[in-house]
Amino acid sequence: MKPILFIECPVGLYGEHCLHQCKCGQGSSRCDHILGCVCKSGWTGRLCEKDINECNERNNPCDTATADCVNTDGSYKCVCKEGFENATNGCIVTMLILI
């Protein structure tokens, strides 16, 4: 069996003999001359066109007691719930001063 040899493809092409055209989505960081689309963090899919929902219930990165997770393109943000405010390491209880 003959080994497959890959050559450096012209920009926008990839694969054996550079026969495949890169049509990467917005989540792509580059087109690899062998593999094709290489996804940025937070993206998936053959063309890097699918946003990963970091806020799904299994992987929610926010402290669900104090913040809601909002999925964004390629990322997420934690938004403090009512009664909490942003702090360096998350959300803290809003201090009420009664006069």
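Details of the structure are given in the entry above.
Reference entry: report on the structure contained in this document. Predicted model, so just to flag it, every value in this text is computed and none were measured.

1. Looking at unusual backbone geometry
Residue H17 is not a glycine yet carries a positive backbone phi of 65 degrees. Tracing the backbone through its elements, the reader meets H17 in the loop between β1 (13–14) and β2 (20–21). A positive phi angle, close to 60 degrees, is found at C48, a residue other than glycine. Positionally, C48 belongs in the loop between β5 (43–44) and β6 (50–51).

2. Examining the state of the cysteines
Linking two cysteines covalently via their sulfur atoms produces the bond known as a disulfide. Applying the stated criterion across every chain yields a total of 7 disulfides. For C39, the disulfide goes to C48, at an S-S distance of 2.1 Å. Taking the torsion about the S-S bond as the criterion, the C39 to C48 disulfide, at about -95 degrees, is left-handed. By relative accessible area, C39 is classed as partly exposed at 29%. A residue is classified by how much of its surface remains accessible, and C48, at 0% relative accessible area, is buried.

3. Concerning the environment of C80
On the secondary structure map, C80 appears in strand β8 (residues 75–80). Of the residues examined, C80 reaches a relative accessible area of 18% and is grouped as buried. Sequence-wise, C80 and D68 are 12 residues apart; in three dimensions their C-alpha atoms are separated by 6.4 Å. With residues near it in sequence (within four places) discarded, C80 still touches T66, A67, E85, N86 and C91.

4. Remarks on the pattern of salt bridges
Scanning all chains against the criterion turns up 2 salt bridges. With a shortest N-O distance of 4.0 Å, K81 and D68 are connected by a salt bridge. Residue K81 is found in the loop between β8 and β9 (84–87), and its partner D68 is found in strand β7 (residues 67–72); the two are separated by 13 residues along the sequence. The exposure class assigned to K81 is partly exposed, which follows from its relative accessible area of 27%.

Procedures and definitions
Residues numbered from 1 in each chain as written. Predicted model: local features only at pLDDT ≥ 70, side-chain atom pairs only at ≥ 80, totals over all residues. Heavy atoms only, no water. Helix = DSSP H or I, 4+ residues; strand = E, 2+ residues; numbered from the N terminus. Disulfide = S-S within 2.5 Å. Buried < 20%, exposed > 50% of the residue type's maximum accessible area, 1.4 Å probe, protein only. Contact = heavy atoms within 4.5 Å. Salt bridge = Lys/Arg side-chain N within 4 Å of Asp/Glu carboxyl O.

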